[in-house]
Amino acid sequence: MLDILIILNLTIMGAVYGYAVAASAVAYPAMMATSRATAVEFFAPFFHKSAHMQLVLSLVVLGLSLVISLMGGGWLWLIGGVVLQVSGPYTIRTLMPVNNRIMAEGADINSDQMTKDLRSWGRLHFPRTVLATLIFVLFAYLAVLGGA
């Protein structure tokens, strides 16, 4: 049973990691390669779909990490699941003001602020990508070692 939970958790963490990389390395550059109007129009549905998915997946990883730790998989699973949750407060504090300005009804898409927000979003999202990468690598390492 523990092996199944580890595989499930690693798979879900792989989805979190994959989505973070895709957002930083694919979606954001593609968005920035379009017109400003298209980038702003794309951003709201992109944000709403990804925010809900990332939240749910992150909480599932936390829950599975707790169960794995309690079943003898080692405390590093729980530590990884808890550390992943740092992306929540970071997002609320750092990314949400930018997200909200980009998605604001009636926002001036030609303003200097919009230019700054669109340009800074990728840089601000990057720490989330690094965090997801590190935790995915940790979980893969733990899965191969059989815990720690």
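Residues numbered from 1 in each chain as written. Predicted model: local features only at pLDDT ≥ 70, side-chain atom pairs only at ≥ 80, totals over all residues. Heavy atoms only, no water.

1. A short note on helix 1 (residues 2-32)
- Here helix 1 contains 31 residues, and its C-alpha end-to-end distance of 43 Å stays within 8% of the 45 Å for a straight helix at 1.5 Å per residue.
- Of all the bends in helix 1, the greatest measures close to 40° and is centred on Ala23. (Helix = DSSP H or I, 4+ residues; strand = E, 2+ residues; numbered from the N terminus. Expected span 1.5 Å × (residues − 1). Bend = angle between axes of the 7 residues up to and from the residue.)

2. Section: the packing of aromatic side chains
- Applying the stated criterion to the full structure yields nine aromatic pairs.
- When the centroid spacing of 4.7 Å and the interplanar angle of 35° are considered together, the rings of Trp77 and Phe139 count as tilted. Of the two residues, Trp77 is situated in helix 3 (residues 75-84) and Phe139 in helix 5 (residues 112-145); the sequence distance between them amounts to 62 residues. Neither Trp77 nor Phe139 differs from the other in exposure class; each is buried.
- Members of the aromatic cluster, joined through ring pairs, are Tyr19, Tyr28, Phe42, Phe43, Phe46, Phe47 and Trp121. (Phe/Tyr/Trp six-rings, centres within 6.5 Å; stacked < 30°, edge-to-face > 60°. Buried < 20%, exposed > 50% of the residue type's maximum accessible area, 1.4 Å probe, protein only.)

3. Topic: the packing of helix 1 against helix 2 (residues 36-73)
- Between helix 1 and helix 2, the least distance of the axes is 9 Å, while the angle of their chain directions is 160°. In terms of orientation, helix 1 lies roughly antiparallel with respect to helix 2. Where helix 1 crosses over helix 2, the two elements pack in a sense that is left-handed.
- Looking at side-chain class alone, the contact of helix 1 with helix 2 contains 25 nonpolar, seven polar and no charged residues. (Axes fitted to C-alpha atoms, helices over the stretch in contact; angles between N-to-C directions. Parallel < 35°, antiparallel > 145°, perpendicular 65-115°, else oblique. Left-handed = near helix turned anticlockwise from the far one by under 90°. Nonpolar A, V, L, I, M, F, W, Y, C, P; charged D, E, K, R; others polar.)

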